[in-house]
Amino acid sequence: MENNIYKKDIKDIFEFFTNKKLIDGIDLAKLTQILIDFEENVGGPYKNKNGIVEKETNLAIYNFLKTQDIFLPKLAKYLDIKNSKNKIVNNKKRKDLFTRKVEKQVEFLFKKNSTESKKMIDKVWNKLKKSETYKIIIWNPIWVNNQLKNKINDDVFLTKLSVLNVLGWIAYTIYDDVIDDDKNNEWIPVANMVSRLMNSLFVQLLNKIEFLDEFEKIMIDLEEANLWELKNCRNIKKIPNFDKVEKYSNKSLGHAITAIAILYKNNENKNNIRNLINFYKYYLAGRQMNDDAHDWFDDLKNGRINSASALLIKKYPKIVDENKLKMLFWKDFFDDYAKKIIDYCGMANKYIKKTNCFKSLDIFDKMLEKVTKITKSAIEEKNKSKDFINEYFKK
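Rules of the game
Residues numbered from 1 in each chain as written. Predicted model: local features only at pLDDT ≥ 70, side-chain atom pairs only at ≥ 80, totals over all residues. Heavy atoms only, no water. Phe/Tyr/Trp six-rings, centres within 6.5 Å; stacked < 30°, edge-to-face > 60°. Helix = DSSP H or I, 4+ residues; strand = E, 2+ residues; numbered from the N terminus. Buried < 20%, exposed > 50% of the residue type's maximum accessible area, 1.4 Å probe, protein only. Lys NZ or Arg CZ within 6 Å of the ring centre and 35° of its normal. Core = buried A, V, L, I, M, F, W, Y, C linked by side-chain atoms within 4.5 Å. Contact = heavy atoms within 4.5 Å. Expected span 1.5 Å × (residues − 1). 1 Å grid on protein atoms, 1.4 Å probe; cavity = no way out; pocket = protein on both sides within 12 Å on 5 of 7 lines; lining within 4 Å. Points joined across faces, edges and corners; volume = space filled by probe spheres on them. pLDDT = per-residue confidence, 0-100. Axes fitted to C-alpha atoms, helices over the stretch in contact; angles between N-to-C directions. Parallel < 35°, antiparallel > 145°, perpendicular 65-115°, else oblique. Left-handed = near helix turned anticlockwise from the far one by under 90°. Nonpolar A, V, L, I, M, F, W, Y, C, P; charged D, E, K, R; others polar.

## Some remarks on the packing of aromatic side chains
Any two aromatic rings considered together are summarised by their centre-to-centre distance and by the angle between their planes. Considering all chains together, one arrives at 27 aromatic pairs under this definition. Taken together, a centroid distance of 6.5 Å and an interplanar angle of 80 degrees make the contact between tyrosine 280 and tyrosine 283 edge-to-face. Taken together, the positions of tyrosine 280 and tyrosine 283, both in helix H14 (residues 270-301) and three residues apart, correspond to about one turn of that helix. Neither tyrosine 280 nor tyrosine 283 differs from the other in exposure class; each is buried. Ring geometry for phenylalanine 329 against phenylalanine 334: centres 5.7 Å apart, planes inclined by 50 degrees, an arrangement best described as tilted. Take phenylalanine 329: its relative accessible area is 0%, and that puts it in the buried class. Taking the relative accessible area as the measure of exposure, phenylalanine 334 reaches 3% and is therefore buried. Among the aromatic residues, those joined into a ring-pair cluster are Trp296, Phe297, Phe329, Trp330, Phe333, Phe334 and Tyr337. Residue placement shows lysine 265 over the ring face of phenylalanine 157; its charged tip is 4.9 Å from the ring centre. The aromatic ring of phenylalanine 297 is capped on one face by lysine 326, whose charged end is 4.7 Å from the ring centroid.

As structure tokens, then:
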């Protein structure tokens with residue numbers, strides 16, 4: 001097929017290579033020569049094999065060049081595409097192309113790794129690719145930018161932020177699994193490699209002292225949170241205090257870094273940046289509590305204390321039977337715990353509404369809605385289901 005593709009028309013050739021995942025140097029050389037041979041003017045537009053300049057051929061060439069991060073102003077002018085270098089079109093094909101571009105850059109970053117470490121990284125990355133979260137990981141920087149009144153017109157910057165988001169999630173996932181399992185220590189050097197790479201690339205991407213100070217603080221707080229969890233959440237005889245919002249949010253606040261970077265890149269004022277950080281702080285706290293409410297029983301059986309089990313045991317210190325605690329959790333405890341989740345989401349909503357740099361808050365509203373919807377549904381199901389009550393709340 002590839003040997004015969006060059007016999008086809010220009011449009012078909014470039015459409016073929018636009019959809020091809022890997023392009024070697026030989027093909028790139030041939031494609032470059034085609035552009036030289038069939039250009040009407042230097043830099044476009046281009047003729048088809050019949051010597052005619054028409055839009056379909058030029059659009060195919062334009063789309064291919066975008067996958068290679070190449071922008072030709074004359075070609076864009078011919079196609080009447082404005083800001084084409086920086087514009088990310090919201091359609092499925094464009095999203096697929098953008099995702100592939102991010103993935104190619106991530107793959108390139110790991111080329112220097114040993115076979116063993118790359119295999120371990122790929123295992124985590126492939127797991128992330130199959131998750132519902134993966135689309136958010138890739139596209140969150142774009143979505144946040146699209147909410148701004150004054151969007152950043154820098155596709156390269158936004159692409160690199162998405163790459164850094166992937167790196168951050170890979171490292172976070174490994175660290176979280178190691179801490180939860182209290183084993184698999186061979187994964188720690190792998191997480192360190194990815195985290196160190198992410199840190200150095202952030203410095204290269206946005207070398208602003210205010211941002212780097214914020215970035216460093218978030219990363220230190222994250223490590224302090226992991227240390228606190230390891231030292232305080234493994235002893236059932238000494239229940240830790242979850243008395244501050246930071247106890248819930250600091251270990252996950254790294255997820256906010258790309259959004260924070262966008263505001264610093266855009267030279268937004270300190271109030272907007274601080275309100276965005278506080279939004280993420282309370283949103284992530286609510287999300288963590290929501291996760292803890294689902295995981296507390298399994299965690300407790302495995303010797304791990306999370307916020308739900310800690311607060312439950314503090315309320316019923318004399319109850320040692322796990323099944324009894326499970327009944328009490330749903331019958332007498334969950335409503336107050338759920339209220340705290342909703343309160344945290346309310347605080348997050350309050351802070352994001354204090355910002356004045358966004359033309360729309362849709363993305364943030366959807367983030368909060370997902371957490372509150374799950375929590376409110378659990379309350380409703382608990383209250384209306386007689387079968388549930390009879391099964392779990394019998395004394």
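## Looking at the nonpolar core
Membership of the largest hydrophobic core comes to 101 residues, with the highest contact counts inside it found for Ile170, Phe211 and Tyr280. Setting aside residues no more than four positions away along its own chain, isoleucine 170 makes contact with Phe110, Ile121, Val124, Trp125, Leu128 and Val194.

## Re helix H11 (residues 209-232)
For H11, which comprises 24 residues, the first-to-last C-alpha distance of 34 Å matches the rise-based estimate of 34 Å (1.5 Å per residue) to within 8%. Every buried residue of H11 is listed here: Phe211, Leu212, Glu214, Phe215, Ile218, Met219, Leu222, Ala225, Asn226 and Glu229. Tucked into the core, H11 has its buried residues touching helix H9 (155-181), helix H10 (188-205), helix H13 (257-265) and H14.

## A few points about the environment of aspartate 155
Positionally, aspartate 155 belongs in helix H9. What makes aspartate 155 buried here is its relative accessible area of 5%. The sequence separation of aspartate 155 and isoleucine 142 amounts to 13 residues, and the corresponding C-alpha distance is 9.2 Å.

## Description of the environment of isoleucine 273
Considering the arrangement of structural elements, one finds isoleucine 273 in helix H14. Along the chain, isoleucine 273 and isoleucine 262 lie 11 residues apart, while their C-alpha atoms are 9.7 Å from each other. Setting aside chain neighbours within four positions, we find isoleucine 273 in contact with Ile260, Leu263, Tyr264 and Glu268.

## Thoughts on the side chain of threonine 173
Mapped onto the elements, threonine 173 comes out in helix H9. Apart from the residues lying within four places of it in its own chain, the contact partners of threonine 173 are Val124 and Leu128.

## What to know about empty space enclosed by the protein
Space left empty within the atom packing is revealed by a probe, the size of a water molecule, rolled over the atoms. On inspection of all chains with the given rule, the structure shows three cavities of 30 Å³ or more. Of the volumes computed, that of the largest cavity is approximately 270 Å³. Along its surface, the largest cavity is lined by 21 residues, and Gly168, Tyr172, Met198, Leu222 and Gly254 are the ones closest to its centre. Elements with a minimum of two residues in the lining of the largest cavity: H9, H10, H11 and H13. Considering every element that reaches the lining of the largest cavity, the biggest residue donor is H9, with nine residues.

## Comments concerning the confidence of the model for the protein
Per-residue confidence for the protein gives a mean pLDDT of 87; residues scoring 70 or more make up 92%. Taken element by element, the predicted model of the protein shows its lowest mean pLDDT in helix H18 (residues 386-392) (48) and its highest in H13 (96). Taken as a whole, residues 84-90 scores under 50 in pLDDT and shows 20 contacts with residues more than four places along the chain or in a different chain.

## Topic: the layout of surface pockets
In this structure, the largest pocket occupies an estimated 1,700 Å³ of space. Contributing elements (two or more residues each) for the lining of the largest pocket: helix H7 (115-129), helix H8 (134-147), H9, H11, helix H12 (246-249), H14 and helix H17 (362-384). It is H14 that contributes the most residues to the lining of the largest pocket, 11 residues altogether. The calculated volume of the second largest pocket comes to roughly 590 Å³.

## Points about the side chain of glutamate 214
Tracing the backbone through its elements, the reader meets glutamate 214 in helix H11. Assessed through its relative accessible area of 9%, glutamate 214 is described here as buried. Once residues lying within four places of it in the same chain are set aside, the contact partners of glutamate 214 are Ile260, Tyr264, Arg274 and Ile277.

## Quick look at the packing of H8 against H13
Look at H8 against H13: their axes get within 9 Å of each other, and the N-to-C directions meet at 40 degrees. The angle between H8 and H13 places the two elements in the oblique class. Judged by the sense of rotation from one axis to the other, the crossing of H8 with H13 is right-handed. Contact with H8, carried on its side by Asn140, Pro141, Val144 and Asn145, involves Thr258, Ala259 and Ile262 of H13 and no other residues of that element. Its residues assigned to classes, the contact of H8 with H13 comprises four nonpolar, three polar and no charged.

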